[in-house]
Amino acid sequence: MKKNLVNQIVSLTLTTGVLASSFLFIQPNQVSAAGETVNVWRTNETLTEKLTAQSNITFSPYRSTDENTIYVDENVAFQTVDGFGASITDSSAYLMNQKLSSTARNTLMTNLFSPTSGIGISWLRQPIGASDFSASGNYNLKDTATSTFSIAHDETNIIPLLQQAVSLNTNLKIMATPWSPPGWMKANNSMLGGTTATLNTANYGDLATYFVNFVDAYKAKGVPIYAVSPQNEPRWASDTYPGMYLTAQEEANFVKNNLGPALSGKNVKIFGFDHNWDVDFVPAYYSDTAAASYTPATAWHCYGGEATIMSTTHYLYPTKDIYETECTGGIWTDTTTGQFDVDMKNLTKSLRHWSKNFIAWNIALDTNYGPTNGGCTTCTGLVAIDQSSGAVTYGPSYYSMGHLSKFVVPGAARIASTGYASGIHNVALKNPDGSKVLVAYNETSANNTFKVKWGEQAFTYTLPAKSAVTFKWLGTQSTTNTIIENDKSLKASAYNEAYSIKPETSSDTGGGLDIGNATNGSWIMYKNVDLSGLSGITARVANGGTTSTSIEVRTGSATGTLLGTISVGATGGWQTWVTNSATLSGASGVKDVYLVYKGSVNLNGIQFTSTNLLLNPGLETGSLTNWSDWHPTGQAIAQSVDTSTPRTGNYKLTHYASTAYQQTAYQAVSVPNGTYRATVWVRSGGGQSAVRLEVSNYGGTPLYSDIGAASIPNTWTQLVIDNITVTTGTVTVGAFSNALAGNWAAFDDFNLVKK
């Protein structure tokens, strides 16, 4: 029956004069995608799924839909990633070495460090002396000024585990940090913190020697130190556990005059700061150019502020690497969103904001969240060890980290992916072997469907509530760029890159995160947006101030070509949302789009607009005004305009008949010669042998964008015909469907724009 219908319509078309030259109803050639296989692993917050392999999925040719889309571009690379890990604190080492049998310990170490049989931990941050997690109390490695430096304490539990970790993972990097130097070097003469826990000026050189002795002693044991930081959390020194205060200038003085020269030639990096996202320290430190010359990287903790400060720091100091060096789990999260939720967000956003690694805190604690040493009593490790039985429980932080550490090889590069939208957090990376890894997390309490576009291939995936998924695939991207279509609405929080902003919970329609806390010069950027034919932009904005401000639309950079300016007056509140618009001039080609804040304003999303050359393109007259009809002789017209579930507005076009039918709606438009793009959104209930967009009478052979009978979706999907070179001063755009009895196809939002 289908074959006869196709033959019939070809025959009828060839006898209909003008229509025959407008629409040659033949099946267009289909371009096959490479169809790479994607491996899938998933974990949910209840841990009934734990890095569980799922059925493979396959890329197929991309078609735009209204689903949330993550645009992955392997040809746009950012920082390389060194790896993931935690800390074998004195408490962790005591539990692992003293409370486990050798068999159980070996199993645990393999599950932690092996790249093949475990999650492949490749980073450790080791305290130099005691921390707030020390089963041995407030010990140090040189008790008095005249004592001999000794790592004998560490040789009992810590060093044997580090040696085993090095043997299990040859990519392992170890960073070392003191919570406090020996008390005799400090004004309070104690390992503890407190208001007088500062470093004596006379002991700067002694502390530098202490670092050198530690590095040399550990290297002699086969445990090389990759990096150090001068002080853990230099702006916080609790009086209940080891700590020391350092101002930015004091740390700079110590590094440039003592630590830097002392470590010269040791092949050990110095990471500055090593404290929270919300502590103002880094600009003052890097203003000392001598200290900065010894400091190739900045280290951060996640306990205050937002990860976006790391991106801001990157763009202020682009030659300085970024590391996330402490971010513990804790049972306090059980009263908020849950540990797995917090972990997945911290992991993805740290990497998205230029961190080269992610380090949790304790690798292991006991079932009472210890042994503690005057500090946190609600922190959790990657695993929990029962001191009585030796049972090991792998917690949410183990599996959240595993979603990245097991699949992302040290030396991988973060690649471009659009960010948070519709409850999905993500980060994408490319391994040295060319394999791609995309990790996504659904923070919502319901199943969440999204599409992944890579080049011109895509797949769609439904991720259960509060679950994380890792996708991994090989192959080469089919196009130079993964292009963001200019008719897609873009959430502000889905930016690729940002400078000097913070996300916050939005009360606007759809919730999610808006982007604000901005000042003059702040910006967000979307990578590779198709700007062809654009004439305007609308934006959801809120301004709780009394002063009008604006957002500039620029391309190439934050100071690049200005396309237009969105003015934003006071809206009555920072969550009082309005839609403002602006005209764009000079938009063309595929460009990076920068939205540059010229003052304080909240932004929740944008939508580009174009000058549509078609009349009545959304059928909003409630009729087929401006559209012409074609159907075979003897067949009744099989189309109408109705109000049933349009894509936008109030109306859509439906093709339907109780008998087999063929139907076209078309519109001929006079246009200047040039290059054009035609699109339409379609749906079908099935039973169609063709649903397609057609272009003819432009000076070349007819062009088609077709959905084959086997893949017609019942969700709105966009058909596109791009790069239409008009040489006749006219172009005809049409929508055709060919169906069995009782089947329907729907069309909405036709568009024809000059590129």
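In the block above lies the structure referred to throughout.
Residues numbered from 1 in each chain as written. Predicted model: local features only at pLDDT ≥ 70, side-chain atom pairs only at ≥ 80, totals over all residues. Heavy atoms only, no water.

Participant: I would appreciate a short explanation of the overall build of the protein chain in the present structure.
Facilitator: When helices and strands are tallied, the protein chain shows 12 helices and 45 strands. Overall size of the protein chain, expressed as C-alpha extent along the three principal axes, is 105 × 60 × 45 Å. Sorting the 755 residues of the protein chain into buried and exposed places 59% on the buried side. Long-range pairs, those at least 24 residues apart, make up 75% of the contacts in the protein chain between residues at least 6 apart in sequence. Taken together, the 45 basic and 52 acidic charged side chains of the protein chain have centroids lying 6 Å from each other. (Helix = DSSP H or I, 4+ residues; strand = E, 2+ residues; numbered from the N terminus. Buried < 20%, exposed > 50% of the residue type's maximum accessible area, 1.4 Å probe, protein only. Contact = heavy atoms within 4.5 Å. Lys, Arg positive; Asp, Glu negative; His and termini not counted. Charge placed at Lys NZ, Arg CZ, Asp CG, Glu CD.)

Participant: Would you mind showing me how to read the sheet that holds strand 8 (residues 173-177) here?
Facilitator: Sheets are built from strands that pair by backbone hydrogen bonding, the pairs being arranged parallel or antiparallel. Spatial strand order, 6-7-8-9-10-11-12-14: eight strands in a closed barrel with parallel pairing. Pairing between strand 11 (residues 297-301) and strand 12 (residues 321-326): five bridges, direction parallel. Paired with Thr298 across the two strands is Ile322, which belongs to strand 12. (Pairing = 2+ DSSP bridges.)

Participant: What am I meant to see in the pairing of strand 44 (residues 730-739) here?
Facilitator: The side chains of a regular strand alternate, first on one face of the sheet and then on the other. With nine of its 10 residues buried, strand 44 lies for the most part within the structure. Two strands pair when backbone bridges link them, and strand 39 (residues 661-670) and strand 44 are joined in this way by 10 bridges, in the antiparallel orientation. Paired with Gln663 across the bridge in strand 44 is Ser737.

Participant: Even after reading the chapter, I still don't get the nonpolar core, so can you show me in this structure?
Facilitator: What tends to happen in soluble globular proteins is that the nonpolar side chains get buried as a cluster. Phe113, Ile363 and Leu382 are the most contacted members of the largest nonpolar core, which totals 103 residues. The leading source of residues in this core is helix 6 (residues 204-220), at 10 residues. Look past the residues within four positions of Ile363 in its chain and what remains in contact with it is Ala86, Ser87, Ile88, Ser92, Met96, Leu112, Phe113, Ile121, Leu124, Gly381, Leu382 and Val383. (Core = buried A, V, L, I, M, F, W, Y, C linked by side-chain atoms within 4.5 Å.)

Participant: Would you explain helix 3 (residues 90-98) in this entry?
Facilitator: Since the α-helix packs 3.6 residues into each turn, any two residues three or four apart lie on the same face. Most of helix 3 sits inside the fold, with seven of its nine residues counted as buried. Of the surrounding secondary structure, the elements contacted by the buried residues of helix 3 are strand 6 (83-87), helix 4 (102-113), helix 5 (152-168), strand 14 (355-362), strand 15 (364-366) and strand 17 (383-385).

Participant: What exactly am I supposed to notice about the state of the cysteines here?
Facilitator: Taken as a whole and judged by the stated rule, the model has two disulfides. Between the sulfur atoms of Cys302 and its disulfide mate Cys327 the distance is 2.1 Å. Sign of the S-S torsion, about 95° for the bond between Cys302 and Cys327, identifies this disulfide as right-handed. With Cys302 in the loop between strand 11 and helix 10 (308-316) and Cys327 in the loop between strand 12 and strand 13 (329-330), the pair connects residues that are 25 residues apart, well separated along the chain. One disulfide in the model links Cys376 with Cys379; its S-S distance is 2.2 Å. Residues Cys376 and Cys379 are joined by a disulfide whose S-S torsion is about 115°; by sign, that bridge is right-handed. The residues Cys376 and Cys379 share a single accessibility class, namely buried. For the protein chain, the disulfide bridges join cysteines in the arrangement 1-2, 3-4, where the cysteines are counted in sequence order. (Disulfide = S-S within 2.5 Å.)

Participant: Can you walk me through the pattern of salt bridges in this structure?
Facilitator: In a structure, side chains of opposite charge can pair up when their charged atoms sit close to one another. Using the criterion set out here, one finds 24 salt bridges in the structure. The closest approach of N and O atoms between Asp66 and Arg647, which form a salt bridge, is 2.9 Å. One end of the pair, Asp66, is in the loop between strand 4 (60-61) and strand 5 (68-81); the other, Arg647, is in the loop between strand 37 (639-642) and strand 38 (652-656), and 581 residues separate them in sequence. Its relative accessible area of 45% is what places Asp66 among the partly exposed residues. (Salt bridge = Lys/Arg side-chain N within 4 Å of Asp/Glu carboxyl O.)

Participant: Where do I start with the sheet that holds strand 29 (residues 523-530) in this structure?
Facilitator: With respect to topology, five strands assemble into an open sheet ordered 26-29-34-31-32, the strand pairing being antiparallel. The open sheet has two edge strands, strand 26 (497-499) and strand 32 (561-568), and neither has a second partner. Put simply, the sheet's adjacent strands are angled 20° from each other on average, direction ignored. Where strand 29 lies against strand 34 (residues 590-597), six bridges are found, and the strand directions are antiparallel. Looking across to strand 34, one finds that Tyr526 is bridged to Val593. Against the sheet, helix 10 makes contact with strand 26 and strand 29, and its axis sits at roughly 80° relative to strand 26, the strand it touches most. (Axes fitted to C-alpha atoms, helices over the stretch in contact; angles between N-to-C directions.)

Participant: I would appreciate a short explanation of the environment of Glu456 in the present structure.
Facilitator: Looking at the secondary structure, you find Glu456 in the loop between strand 22 (448-454) and strand 23 (457-463). On the accessibility criterion, Glu456 (36% relative accessible area) is partly exposed. Linking Glu456 and Ser417, residues 39 residues apart in sequence, is a C-alpha distance of 14 Å. Beyond its immediate sequence surroundings of up to four residues, Glu456 is in contact with Ser60, Pro61, Tyr62, Ser478 and Thr479.

Participant: Is there a simple way to explain the side chain of Ser238 in this structure?
Facilitator: With respect to the helices and strands, Ser238 occurs in the loop between strand 9 (227-228) and helix 7 (248-263). Only 2.8 Å separates the side chain of Ser238 from the side chain of Thr240, close enough to count as a polar contact. Those residues in contact with Ser238 that lie beyond four places of it in its chain are Leu192, Gly193 and Gly194. (Polar contact = N/O pair within 3.5 Å; in protein donor to acceptor, adjacent residues only side chain to side chain.)

Participant: Help me understand the packing of aromatic side chains in this model?
Facilitator: Each aromatic ring pair is characterised by the separation of its centres together with the angle its planes make. Enumeration according to the criterion identifies 33 aromatic pairs in this entry. Through pairs of rings, three or more aromatic residues link up here, namely Phe59, Phe450, Trp454, Phe459, Tyr461, Phe471 and Trp473. It is Lys173 that lies over the ring of Tyr226; its NZ or CZ is 5.1 Å from the centre. A cation over an aromatic ring shows up here: Arg647 above the ring of Trp681, its NZ or CZ 3.7 Å from the ring centre. (Phe/Tyr/Trp six-rings, centres within 6.5 Å; stacked < 30°, edge-to-face > 60°. Lys NZ or Arg CZ within 6 Å of the ring centre and 35° of its normal.)

Participant: Help me out: how do you make sense of unusual backbone geometry in this one?
Facilitator: Working note: non-glycine residues mostly have negative phi, and peptide bonds are mostly trans. With omega at 5°, the peptide bond leading from Gly370 into Pro371 counts as cis. Note on placement: Pro371 falls in the loop between strand 15 and strand 16 (379-380). For Asn267, which is not glycine, the phi torsion reads 60° and is therefore positive. Along the chain, Asn267 falls in the loop between helix 7 and strand 10 (269-276). According to the relative accessible area criterion, Asn267 is exposed, its value standing at 73%.

Participant: Just checking my understanding: could you explain the pairing of strand 23 for this structure?
Facilitator: In terms of burial, strand 23 is largely enclosed, as five of its seven residues are buried. Relative to strand 23, strand 4 runs antiparallel, the two sharing two bridges. Following the sheet pairing, Ser60 is matched in strand 23 by Ala458.

Participant: Explain the environment of Gly85 here, please?
Facilitator: Assignment of secondary structure puts Gly85 in strand 6. Taking the C-alpha atoms as reference, Gly85 lies 22 Å from Val40; in sequence the two are 45 residues apart.

Participant: So what exactly am I meant to see when it comes to the packing of helix 6 against helix 7 here?
Facilitator: In a packed pair of helices, the relevant descriptors are the angle between the two axes and the axis-to-axis distance. It is at 9 Å that the axes of helix 6 and helix 7 come closest, and there the two elements cross at 45°. Judged on the interaxial angle alone, helix 7 and helix 6 are oblique. Here helix 6 and helix 7 pass one another in a crossing that is right-handed. For the pair helix 6 and helix 7, the contacting residues are Tyr204, Gly205, Leu207, Ala208, Phe211, Val212 and Val215 in the first and Glu250, Asn253, Phe254, Asn258, Leu259, Ala262 and Leu263 in the second. In terms of residue class, the contact of helix 6 with helix 7 is made up of 10 nonpolar, three polar and one charged. (Parallel < 35°, antiparallel > 145°, perpendicular 65-115°, else oblique. Left-handed = near helix turned anticlockwise from the far one by under 90°. Nonpolar A, V, L, I, M, F, W, Y, C, P; charged D, E, K, R; others polar.)

Participant: How should helix 11 (residues 339-352) be read in this particular structure?
Facilitator: Compared with an ideal rise of 1.5 Å per residue, which puts 14 residues at 20 Å, helix 11 spans 20 Å between its outermost C-alpha atoms and is within 8% of the ideal. Most of helix 11 is tucked away, with 12 of its 14 residues classed as buried. Two residues or fewer after helix 11 comes Trp354, characterised by a positive phi angle close to 80°. (Expected span 1.5 Å × (residues − 1).)

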